[in-house]
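# Coordinate analysis (summary)
For reference, the chains in residue letters:
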Amino acid sequence: MRNQGTHERPRPKRKDADVFAGELPEELEYPVDNAPVRSFSHKGMTIEGYSRAAVQTYWRVPELKLGFDLGLQPWSFMSTPNWFVSHAHLDHIAALPVYVARRRLMRMEPPTIYLPAEAVDPVHALMRAYQRLDRGKQAANLVGLEPGQEVELSRELIVSVLETRHTIPSLGFLVWERRKKLLPQYHDLSGPEIRDLRLSGVEVTKEIRLGRLAYLGDTNPAGLDGNPEAYNAEILILEMTFVARNERPDQIHKFGHMHLDDFVSRADRFKNDWIIASHFSTRLHPETIQKIVSRALPEGLRDRVKVWL
Ligand SMILES: [Zn+2]
Ligand SMILES: [Zn+2]
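Going by the annotation in an unreviewed UniProt entry, the name recorded for the protein chain is Metal-dependent hydrolase, with Tautonia sociabilis given as the source organism.

Here you go:
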């Protein structure tokens with residue numbers, strides 16, 4: 001490392017992951033990217049976000065106009081109008097009033113925020129408290145959800161609400177794309193013939209649903225096993241909070257989290273194009289996490305798992 005002047009301290013090695021390396025604030029010489037955003041694109045969806053246990057979690061897919069969790073709110077995320085909050089732990093919801101206030105400040109429509117039904121009243125109270133403190137109106141449409149419900153965001157986009165298992169009321173979400181598919185018996189007909197049939201009142205198509213994206217928030221493996229459709233979504237965002245050998249699965253499950261071993265033991269079930277493993281604990285250095293995960297995952301799964309650090 002080069003030191004460019006006697007009065008200057010050595011430049012800290014700049015790696016995004018070093019934000020979590022535990023330096024004391026007074027030792028930081030350069031501004032920290034406090035709301036980092038990683039990004040990844042697949043089949044017309046850009047997954048943007050970041051998630052570390054007890055730090056902050058936020059995801060969005062700009063093309064689908066929706067996001068998951070509001071642990072923090074990068075400035076660029078403000079334009080996304082629909083948010084699904086998995087649970088009310090602070091690292092998943094803390095930025096809710098910030099986001100709501102920013103939308104208003106920037107003259108955007110009040111957002112719609114979906115969240116576990118149990119969280120609606122306390123969040124309303126929180127917004128009222130911020131309204132008094134900040135003297136800015138908190139305007140958002142809060143919608144409480146229960147597992148089994150469906151949210152129709154548009155004609156093409158439906159979100160089903162999944163039951164997950166954490167230490168407080170929590171939800172997962174599966175985003176479906178609804179398409180019309182021509183029934184097989186009409187495959188040989190020409191365009192005008194199909195049109196005439198349709199005009200005469202015959203149903204020539206059937207509705208199909210494509211599981212595009214599943215997000216399970218914080219959960220133990222029951223949240224995954226209870227929602228087998230998640231294994232077939234094109235992209236599955238999952239928490240892998242713990243990876244170290246010496247961390248006990250029964251304890252981890254009791255606290256509503258997953259371990260790397262839970263992935264390995266279900267390796268054959270994942271049919272997803274991509275699995276985003278996230279929400280890693282800060283106990284280990286990112287490089288160590290990456291190494292442990294790559295070594296443990298069997299072939300066939302390893303190259304479909306993105307370690308989101
Ligand atoms: Zn969490
Ligand atoms: Zn949590």
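## Considering the overall build of the protein chain
Helix and strand content of the protein chain: eight helices and 14 strands. Considering the protein chain as a whole, with its 309 residues, one finds that 36% of them fall into the buried category. Residue pairs in contact within the protein chain that sit at least 24 positions apart in sequence constitute 57% of those at least 6 positions apart.

## Remarks on the sheet that holds strand β3 (residues 56-61)
Overall, mixed pairing links the seven strands, which are arranged β1-β2-β3-β4-β5-β6-β7 in an open sheet. Either end of the sheet is taken by a strand with one partner, and the two such strands are β1 (38-42) and β7 (141-145). Here the strands of the sheet are splayed against their neighbours by 20° on average, with no regard to which way each runs. Where strand β4 (residues 66-70) and strand β5 (residues 82-84) come together, three bridges link them in parallel fashion.

## Brief notes about the pairing of strand β13 (residues 274-278)
Put simply, side chains in a regular strand alternate between the two faces of the sheet. Counting buried residues in β13 gives five out of five residues, a clear majority hidden from the surface. Neither face of β13 is open: one carries W274, I276 and S278, the other I275 and A277, and all of them are buried. The pairing of strand β12 (residues 235-239) with β13 spans five bridges and is classified as parallel. Each residue of the ladder has a partner; that of L238, found in β13, is A277.

## Topic: the nonpolar core
Ranked by size, the top nonpolar core spans 65 residues in total, and within it F173, L174, A214, L238 and I276 carry the most contacts. Looking at this core, the element that brings in the most residues is strand β10 (residues 171-182), giving five residues. There are two domains that each give this core at least three residues, and those are domain 1 (47-145) and domain 2 (180-309). Each residue touching F173, except ones within four places of it in the same chain, is listed here: F68, F84, V159, V161, L162 and Y215.

## Points about helix α2 (residues 96-105)
Owing to its 3.6 residues per turn, the α-helix aligns residues three or four sequence positions apart on the same side. Of the positions making up α2, those classed as buried are L96, P97, Y99, V100, A101 and R103. Structurally, α2 contributes buried residues whose contacts are with β4, α1 (90-93), β6 (112-116) and α3 (120-134). Immediately beyond the C-terminal end of α2, within one or two residues, lies R107, with a positive phi of roughly 60°.

## Here's the deal with the pairing of β3
With respect to burial, β3 is a largely interior element, six of its six residues being buried. What you see with β3 is no split at all: Q56, Y58 and R60 on one side and T57, W59 and V61 on the other are buried throughout. What sits between the antiparallel neighbours strand β2 (residues 45-52) and β3 is a turn of three residues, in which A54 has the positive phi angle 65°. Of the strand pairs in this sheet, β3 and β4 are connected by four bridges, and their pairing is antiparallel.

## Some points on the sheet that holds strand β8 (residues 150-152)
Taken in spatial order, the seven strands make up an open sheet running β8-β9-β10-β11-β12-β13-β14, and their pairing is mixed. At either end of the open sheet lies a strand with only one pairing partner, and these are β8 and β14 (305-307). Pairwise comparison of adjacent strand axes, ignoring direction, gives a mean angle of 25° for this sheet. Sheet topology places β8 next to strand β9 (residues 157-163); three bridges connect them, and they run antiparallel. Residue pairing in the sheet places E152 in a bridge with I158 of β9.

## Looking at helix α4 (residues 191-199)
A small share of α4 lies buried, amounting to zero of its nine residues. Phi turns positive, to about 100°, at G201, one or two residues after α4.

## What about the environment of L284?
Relative to the elements of secondary structure, L284 occurs in the loop between β13 and α8 (286-296). For L284, a count of 16 C-beta atoms within 10 Å puts it in the partly exposed group. Along the chain, L284 and V243 lie 41 residues apart, while their C-alpha atoms are 8.9 Å from each other. Not counting residues up to four positions away in its chain, the partners in contact with L284 are V243, A244 and I289.

## Observations concerning unusual backbone geometry
Of note in the backbone geometry, K43 takes a positive phi value of approximately 45° without being a glycine. If you trace the backbone, K43 turns up in the loop between β1 and β2. Using a count of 12 C-beta atoms within 10 Å as the deciding quantity, one classes K43 as exposed. Phi angles above zero are rare outside glycine, and D69 is one such case at about 65°.

## Things to note about the packing of α2 against α3
Packing of α2 against α3 leaves a shortest axis separation of 10 Å and a crossing angle of 60°. Between α2 and α3, the interaxial angle falls into the category oblique. Crossing geometry of α2 relative to α3 is assigned as right-handed. The residues of α3 that touch α2, namely those facing L96, P97, V100 and A101, are V123, L126, M127, Y130 and D134.

Calculation criteria
- Residues numbered from 1 in each chain as written.
- Chains lettered and ligands numbered in written order.
- Predicted model: local features only at pLDDT ≥ 70, side-chain atom pairs only at ≥ 80, totals over all residues.
- Helix = DSSP H or I, 4+ residues; strand = E, 2+ residues; numbered from the N terminus.
- Buried ≥ 20, exposed ≤ 12 C-beta atoms within 10 Å, placed from the backbone.
- Contact = placed C-beta atoms within 7 Å.
- Pairing = 2+ DSSP bridges.
- Axes fitted to C-alpha atoms, helices over the stretch in contact; angles between N-to-C directions.
- Core = buried A, V, L, I, M, F, W, Y, C linked by C-beta atoms within 7 Å.
- Domains from an automatic or database assignment.
- Parallel < 35°, antiparallel > 145°, perpendicular 65-115°, else oblique.
- Left-handed = near helix turned anticlockwise from the far one by under 90°.

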